[in-house]
Amino acid sequence: MVVRTQICNFSGFRIYPGHGSTFVRSDGKVFVFANSKCKSSFHMRRKPASLNWTYIYRRLHRKGQEEQEKRRTRRRAVKTVQKPVEGASIEVLRAKRQAPRAQVKTAARAAALKEIKARQQGSGGAGSGNSSGAGAKPKK
């Protein structure tokens with residue numbers, strides 16, 4: 001024998017035969033409540049989603065789902081697509097990416113040091129000695 005249960009319009013609890021109370025609004029809509037707590041909260045226009053003992057709140061805030069098996073979402077493999085940048089082709093970008101970065105950095109440092117030394121030798125040491133003021137006025 002199957003017992004016909006109803007569901008409370010406020011809390012979402014099951015109401016077994018012989019329990020609960022019904023309320024018929026003036027427009028004819030029927031509301032069934034599990035207990036007077038649900039009934040009075042409904043008439044005070046409380047929102048069941050904000051009361052943590054209701055079924056709706058627990059479902060919204062994912063409470064009590066340890067009992068149910070959680071579905072694991074599969075991660076899609078991210079496909080990387082290389083696109084050319086304005087002024088550089090894909091082949092140039094691939095060559096830069098495949099070059100070992102440590103060697104590129106050391107070569108760049110060596111080139112920068114050579115350039116600095118060349119500047120210092122080309123200027124003849126002028127402007128590199130005085131740190132008192134680059135734009136200082138000469139004394140009369």
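In this text the structure is predicted, and so the values were computed from the model without any measurement.

Let us now look at the pairing of strand S3 (residues 21-24). Each regular strand shows side chains that alternate between the opposite faces of the sheet. Here S3 runs beside strand S4 (residues 30-33); their pairing, made up of 4 bridges, is antiparallel. Pairing of Val24 across the sheet is with Val30, part of S4. Counted between consecutive antiparallel strands, the loop separating S3 from S4 contains 5 residues, among which Gly28 sits at a positive phi close to 100°.

A separate point is the UniProt feature "domain: TRASH" (unreviewed entry) in the chain. If you check UniProt for "domain: TRASH" (unreviewed entry), the listed places come out as residues 8-46 in our numbering. With 21% helix and 26% strand, residues 8-46 has its two end C-alpha atoms placed 15 Å apart.

Of all hydrophobic cores here, the largest spans 8 residues; its members are Cys8, Phe10, Ile15, Phe31, Val32, Phe33, Cys38 and Leu51. The greatest single-element share of this core, amounting to 3 residues, is contributed by S4.

Another point: the pattern of salt bridges. A side chain with one charge may pair with a side chain of the opposite charge, provided their charged atoms come close. In this structure the tally under the stated criterion is 2 salt bridges. One salt bridge in this structure joins Arg25 and Asp27, with 3.2 Å as the shortest N-O distance. For Arg25, a relative accessible area of 35% translates into the label partly exposed. Between Glu115 and Arg119 there is a salt bridge, and its shortest N-O distance comes to 2.7 Å. Taken as a pair, Glu115 and Arg119 lie in helix H4 (residues 101-123) at a separation of 4 residues, close to a single helical turn. Look at Arg119 and you get exposed, because its relative accessible area is 56%.

This part is about unusual backbone geometry. Here Arg45, not a glycine, exhibits a phi torsion of approximately 60°, which is positive. As for its placement among the helices and strands, Arg45 is situated in the loop between helix H1 (36-43) and helix H2 (55-60).

Another aspect to go through is the packing of aromatic side chains. Going through the model one piece at a time under the given rule, you end up with 7 aromatic pairs. Measuring from centroid to centroid gives 6.1 Å for Phe10 and Trp53, while their planes differ by 40°, and the two rings are tilted. Placement of the pair is Phe10 in the loop between strand S1 (6-7) and strand S2 (14-15) and Trp53 in the loop between H1 and H2, with a sequence separation of 43 residues. An angle of 45° between the planes, with centres 4.7 Å apart, marks the rings of Phe31 and Phe42 as tilted. Pair noted here: Phe31 is in strand S4 and Phe42 is in helix H1, with a separation of 11 residues, a long-range link. Through successive ring pairs, a cluster of aromatic residues spans Phe23, Phe31, Phe33 and Phe42.

Before going further, it helps to examine a positive patch on the surface. A contiguous patch of positive charge on the surface is contributed by Arg97, Arg101, Lys105 and Arg109. For the positive patch, the leading source of residues is H4, giving 3 residues. On the secondary structure map, Arg101 appears in helix H4.

Another aspect to go through is H4. The periodicity of an α-helix, 3.6 residues per turn, causes residues three or four positions apart to be oriented the same way. Here H4 contains 23 residues, and its C-alpha end-to-end distance of 33 Å stays within 8% of the 33 Å for a straight helix at 1.5 Å per residue. Of all 23 residues in H4, 0 are buried; the element is thus mostly exposed. In the segment just after H4, Gly124 is the residue with positive phi, at about 75°.

Quick notes on the rules
Residue positions within a chain follow its written sequence, with the count starting from 1. Predicted model: local features are reported for residues with pLDDT of at least 70 only, side-chain atom pairs are reported and counted for 80 or more only, and whole-chain, interface and lining totals are derived from all residues. Side-chain metrics in this entry use all non-hydrogen atoms of the structure; hydrogen atoms and water are not considered. Any two strands are treated as partners once DSSP identifies two or more bridges connecting them. The helix count covers DSSP runs of H or I at least four residues long, the strand count covers runs of E at least two residues long, and both are numbered beginning at the N terminus. UniProt positions are given in the numbering used here, feature names are shortened, and annotations may be inferred rather than shown by experiment. Note on terminology: a nonpolar core comprises buried Ala, Val, Leu, Ile, Met, Phe, Trp, Tyr and Cys residues joined through side-chain atoms within 4.5 Å. Each residue's exposure class comes from its accessible area (1.4 Å probe, protein chains only) as a fraction of the maximum for that residue type: buried when under 20%, exposed when over 50%, partly exposed otherwise. Any Lys or Arg side-chain nitrogen found within 4 Å of a carboxyl oxygen on Asp or Glu counts as a salt bridge. Centre distance within 6.5 Å is the pairing criterion for rings of Phe, Tyr and Trp, where only the six-membered ring of Trp is used; planes under 30 degrees apart are then read as stacked, over 60 as edge-to-face, and the remainder as tilted. Like charges within 9 Å and nonpolar side chains (Val, Leu, Ile, Met, Phe, Trp, Tyr) within 5 Å are joined into patches, using only residues over 30% in relative accessible area that form no salt bridge. Calculation of accessible area relied on Shrake-Rupley with a 1.4 Å probe; when residues are assessed, cover is drawn exclusively from the protein chains displayed. Charge assignment in this entry is limited to Lys and Arg as positive and Asp and Glu as negative, and neither His nor the chain termini are counted. For charged residues, the charge sits on one atom: NZ in Lys, CZ in Arg, CG in Asp, CD in Glu. In this analysis, the expected span of each helix is defined as 1.5 Å times one less than the number of residues it contains.

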